[in-house]
Structure formats: structure tokens, C-alpha cells
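# A structural walkthrough
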Amino acid sequence: MTTDNIIVFEKVNKWYGNNFHVLRDIDLAVRRGERIVICGPSGSGKSTLIRCINRLEEHQEGRIVVDGVELTDDVRAIEKIRREVGMVFQQFNLFPHLTVLENLTLAPMWVARMPKKEAEERAMQQLARVRIAEQAHKYPLQLSGGQQQRVAIARALCLTPKIMLFDEPTSALDPEMIKEVLDVMVELAGQGITMLVVTHEMGFAKAVADRVIFMDQGQIVEENTPEEFFSRPKSDRTKDFLSKILGH
Amino acid sequence: MGAVFQPIPPRPAPVRTEGVVPWIRANLFGDVKSGIATLVILALGLYYLPGFFKWAVFNAVLVTDANACQAARGTGACWAVVVEKFRLIVFGRYPYEQQWRPELATLILLALLVASCIRYFWKPWLTLAWVVVVPAFFMLMGGGWFGLESVPTDQWGGLPLTIMLATFGIVLAYPLAIVVALGRRSTLPAIRTLCIVYIELVRGVPLISVLFMASFMFPLFMPVGKTPDVLLRVLAGITLFSAAYLAEVVRGGLQAIPKGQIEAAQSLGLTYWQTQRKIVLPQALAMVVPGIMNSFIAIFKDTSLVTIVSLYELTGALGLALNSDANWRPFKIEGSLFITLIYFAFCFAMSRYSLWIEKQLNVSRKR
């Protein structure tokens, strides 16, 4: 393990309940600044994998080290890591009772103890970054799905995380809104932040990913550069999956 | 030949849609079913109301003369009983010359309550106001300082006692209920079990038993002379009782919060308590405002049960006022109607406030 790896999974196993083995012997090292796309059929454990990184899920066996800190039951370590890891969800998960601006200033004010004015300035910068600054004083439910997801990205960026996790960020969106969200993500990818993206947007994978990971039944079946992954998939399972999602 | 002038046939005049008659037609006789309902209700009203008005208004006795009231018994209401026994009903056994004290104390408390209900006043000084007003209330009521005559709590009574028990019952039960509701969903088994046992135990017992225990049984377990005041014990009983019900209402709201909300808060690095305070509770409580207000109204009216442990709040004071005087004893219906009006005024105000606050809290839900 070199110090250049910002996330390391070593022989990680996880079960839901007693018998559903959702992650099997996961070994994975993510370099600082690397952009990884994770794909695979539903139930293959890809969401669970990235949710283990900020401990929304606990693993039962093996080691996960994020930015030099091992994830254990130590609450302080978890809180520290969560400050450095931003997450974007499929269902946006904006706080509906708070305005867009309040959604963004919440963590800077309460987690980073930033003064309100500074937090608002930073929030406005992030909103401008996702091109939605004019909606700052609306409530989330007054925005379109694409706008809400861009707000969610801006919210995750407010603590200037080192790592961004995207859990199917475009799966709940209407087709014409997917592009506005992907554009923001492509822009972000060019700025040196470590990104792990669970998605089936293969165009996005080809455009920005350094590495594509294919998961099935809790295992990493194949990982490669996008060019190799799409043109010369090694395993039959990957070929089968690609033929289904690239078929149209 | 030129065309012959052919006027088009006149159209029927438009139906009036405004005014009293069209309103009645649309709302009371819109179709056969609503027409029948209107007629039935009208008939019932015509049958019963004249008798009531005859009793309550036309034949009513207003002069404070017990003999005139006796003469009108059965045919006319004796509102004079309210005038005659007003101070006793409203203030109970509180010493007559000192009754300005509960009056003043209650007015201050009510003013603070109303202020606390208005968003504009939700500023830090409101907390300070509570810190000042609550001790002031008890000092004014209890006396024993600045030359104020000392009045023991068993002499407090009437509307001030009702308002005091309801106010402090609500103000104390609400935060307790939130803590218990959170505890019932805790991942720590000891805390969860404790909360479940508390809720189920209290809900399995009538309030009357709780009050009996607080008043008569609890002192048996305490060292002689160290027993807290009966009023405090009863207040604790009401609080613990109401909090158990309220906790279940709050839990209903907590359960309606999607898991994604909590995950989003966690992923931002918020602690458990920050997540509850900033994300979960504001949404959960806004969702269960009607249920919470239901409980508050129930608390307000349940205070009438403290009569059975010899504390004479509004309902008890009415009994006290009339039972002790053979001349006025028969006119309990009139007295009851009077205090009914008082209860109704408070409960209706609470219910309207609940509607208003619901609207306020739902601003973010409007698209």
C-alpha cells in the first residue's frame, strides 16, 4: 500500500442479515485524484461498496482505510472521514424544510463551525459552480429533478471534500435532465477530486473515467481502463452485461 | 331581393351565481340527498331550539335572587348563579381578598403563552421571559414574601389552577415526549426497552390512578416531612401521563421521515443530535401537528380530574361553589354551561392555532 492510495479495501466482506453475502473479498485501491466508474447488474453490491467508504454501511470483515484513517466503530474517525467524503444520492435527499441556501450552509455551519456569512458566501460559490445560483432562496421541492440533483452536488462540495461518491446520480431523472447533471460531473472530474461513480451512463464512463469496475454478485469481476473495458472485455459475464446495456 | 332581417331567438337570462339565494340553492339544495339532509336538520332545529331558547333566554333569571330562581326552576335558566358564585367558580378556595394575585399571575402567564405561539417573538429573550415569569407566577400565587400573605397550594383553585396545570403539563410533557420517542427508536437496547416499558406502563393505567398514586401512595414511600408539595406531585403525574401518549404521536412523525434524509445528514458529517435537531425533528413534528394539538387539548381538559385528589380547579371549584350552598345547589346545569364556554374558548383557540401553525410549517411544501 503506497501513501498515494486515498482509499484502500483489503479483503472486505459484508453480509446483510445472516445469509445475504453482499460484498465478497473486495480488494481495491483508489489513487488520489482517480476517477472510477462502477457498474454492474442491480443487487451486485456496487452501491453498498461506495456506501462503506463513508460508513453508511458497516463491513464485517477486512479493512477499509480512507485517507489514512481506518474505518472502525470509532465515532470520531467516522465523523472525520465524513467531512472529507461528499456523497450524492439517487433520490437527491435534499432537506425539503430548508431552502437551497440553508441546505448548503448546514454542514459548514454545524460541522465545520463556520460563521454564517462565510458559509453563505461559500454556498453561493458552489451554487454558481453548478449553475443554479438564482434558485438559492427557493425550497427544493420547487425545483426540477435535474436542478435538485445539482443542488445536492453543490451541497456535497461545500465542505471541500477530497473524495466524491455518486450513487446512481442520474437514475431518478427524466432523460432531458440527465445531461445537465452529467455536464456538472464532467466539469468536476476535470478538477482533480477523487470520484467514485456508480452509474450506467457509459458515455460518462468513456469520457472521464480512469478506470471502470464491473461488479457481479458481490465481487469485482473485472477492472480496466474504459478503452480496454468496452472494446476488449475479458469475462463472459462482462460481455453479457455490456451487450445488454449498450445494445440499443 | 335583400335578406330579410331575422332576429336570433332570445337566450335565457344567465343564472345568478352570487348572493344569498343562489348560495342556498348551490350549497343546501344542490341535489336530492343534500336537500333531504338540509330539511332534516332544519326540522330537528325547529323542534328543539325554541325550547332551548325559551329556557336559556326568554325565561332566564338574571337577578341574583335564589327565590326567583327557585320559582323559575324547570322553565327558565338561572344565570344568576354564575353572577352570584362567579369568584368562587373562577378562583376556587383561594382567599377572597387575595384573588387579585392569581388573576395577575394568570394574565402574565397567558400573555407569555400567546407570545410564545407567535413566530415573530421566537427570539432569545423569550427564553429569558420564561425564566422570569415562571418563578414570578409561583411567588405571586404562593406568597410569603414582601408582605404577601402565604397561600398554601391546596387552596389554589379555579381557572388559574386549570391554566397552570395545563400550561406546565404541556410545556414539560412536550420535550419529555420527544426524548422518549427518540429513545424508543434508539439502537441501544437498554434505552429502547426503558422507553417502551415507560410508554406501555403509563398507557395501561387511567389518569385517575396516576393521580391517586401521586397524591396518596407516593408520600408513603418518602421519608416523613420530605414529601414534595401535592401540587408538584400531581403536575408530575399529569406530565408523565401525557408524555407517554405524546411520545407515540411524535414517533409516528419520526417514522415518516425517509431514511435518505438521515443518510444525507450523516454523509455531511452531522452528529446524531445535530441530525435529529436540524433534519429529523423539524420535519417529523411539522407532520404531526394535528396529533400533538389533540394531545394538548386532552391535557387541558384532563386537568379537571385533579378534583379527585382535592385540588379544586375550574370543574372542582364549580362543585365546591354550588354544593356548599343549598340555595344555589339545584342550578348546576347553568354553572356547567358557563364553565363549558370557558373550556370551549381555550380549546377552540388551540385548535385554530394548530391550523395556523400547520399552514406556516407547510410553506416549503408548496410548489
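How each quantity is defined
- Residues numbered from 1 in each chain as written.
- Chains lettered and ligands numbered in written order.
- Predicted model: local features only at pLDDT ≥ 70, side-chain atom pairs only at ≥ 80, totals over all residues.
- Heavy atoms only, no water.
- Pairing = 2+ DSSP bridges.
- Helix = DSSP H or I, 4+ residues; strand = E, 2+ residues; numbered from the N terminus.
- Axes fitted to C-alpha atoms, helices over the stretch in contact; angles between N-to-C directions.
- Contact = heavy atoms within 4.5 Å.
- Disulfide = S-S within 2.5 Å.
- Buried < 20%, exposed > 50% of the residue type's maximum accessible area, 1.4 Å probe, protein only.
- Salt bridge = Lys/Arg side-chain N within 4 Å of Asp/Glu carboxyl O.
- pLDDT = per-residue confidence, 0-100.
- Polar contact = N/O pair within 3.5 Å; in protein donor to acceptor, adjacent residues only side chain to side chain.
- Parallel < 35°, antiparallel > 145°, perpendicular 65-115°, else oblique.
- Left-handed = near helix turned anticlockwise from the far one by under 90°.

All names here are of chain A. Pairing is mixed in the open sheet, where six strands are placed in the order β6-β7-β8-β3-β9-β10. Lying at the two open borders of the sheet, with one neighbouring strand each, are β6 (85–88) and β10 (219–224). Neighbour-to-neighbour, the strand axes of the sheet open up by a mean angle of 20 degrees, direction not taken into account. Both β6 and strand β7 (residues 163–167) contribute to a ladder of four bridges, which runs parallel. Looking across to β7, one finds that M87 is bridged to L165. Sheet strands in contact with helix α2 (residues 75–84) are β6 and β7, and its direction is about 65 degrees off that of β6.

So, about the state of the cysteines. According to the stated counting rule, one finds one disulfide over all chains in the structure shown. Across a sulfur-sulfur distance of 2.0 Å, B:C69 and B:C78 are joined as a disulfide pair. In this structure, the disulfide formed by B:C69 and B:C78 twists by about 75 degrees around the S-S bond and is classed as right-handed. An identical accessibility class is assigned to B:C69 and B:C78; each is buried. With no disulfide of its own, A:C52 has A:C39 as its nearest cysteine by sulfur position, at a separation of 18 Å. For A:C52, a relative accessible area of 1% corresponds to the buried category. Cysteine B:C347 is unpaired, with the sulfur of B:C117 as its nearest cysteine sulfur at 14 Å.

Residues and elements named next belong to chain A. The strand order across the open sheet built from four strands is β2-β1-β4-β5, with neighbouring strands paired in antiparallel fashion. In the strand order of this sheet, the two ends are held by β2 (20–31) and β5 (69–70), each with one partner. Relative to β2, strand β1 (residues 5–16) is paired through eight bridges, and the arrangement is antiparallel. Note on β2: the bridge partner recorded for W15 is H21. Each of β1, β2 and β4 (61–66) touches helix α1 (residues 46–53); the most contacted strand, β1, lies at about 125 degrees to it.

On to the pattern of salt bridges. With the rule as written, the count across this model stands at 33 salt bridges over all chains. Put simply, B:K85 and B:D325 hold a salt bridge, and the shortest N to O gap is 2.8 Å. Here the residue B:K85 occupies a position in the loop between α4 (80–84) and α5 (86–91), and B:D325 occupies one in the loop between α15 (314–323) and α16 (332–361), the gap between them amounting to 240 residues. The buried category is assigned to B:K85, whose relative accessible area is 10%. Judged by relative accessible area, which is 18%, B:D325 ranks as buried. Each member of the salt-bridge network shares a partner with another, and the members are A:K14, A:R51, A:E57, B:K259 and B:E263.

For the rest of this paragraph, the subject is the confidence of the model for chain B. All names here are of chain B. Scored by pLDDT, chain B has a mean of 88; 99% of the residues are at 70 or more. When pLDDT is averaged over each helix and strand of chain B, the minimum, 80, is found for helix α3 (residues 66–72) and the maximum, 95, for helix α12 (residues 259–267). The ipTM assigned to the predicted complex is 0.92, against a pTM of 0.85.

Let us now look at the side chain of A:R150. Residue and element names in this part refer to chain A. Here R150 lies in helix α5 (residues 145–157). Classification of R150 by relative accessible area gives buried; the value is 9%. Looking at R150, its side chain comes within polar contact range of the main-chain oxygen of V130, at 2.9 Å. Here E180 takes part through its side chain, which lies 2.9 Å from a polar atom of the side chain of R150. Apart from the residues within four sequence positions on either side, R150 is in contact with V130, R131, I132, E180, V181 and V184.

Each pair of packed helices can be described by the angle between their axes along with the distance between the axes. Residues and elements named next belong to chain B. Contact geometry for helix α8 (residues 158–184) and α16: axes closest at 12 Å, N-to-C directions at 25 degrees. Of the possible angle classes, the one that applies to α8 and α16 is roughly parallel. Read as a crossing pair, α8 and α16 show a hand that is right-handed. Within the contact between the two elements, α8 uses L159, T162, I163 and I170 and α16 uses I342, Y343, F346 and M350.

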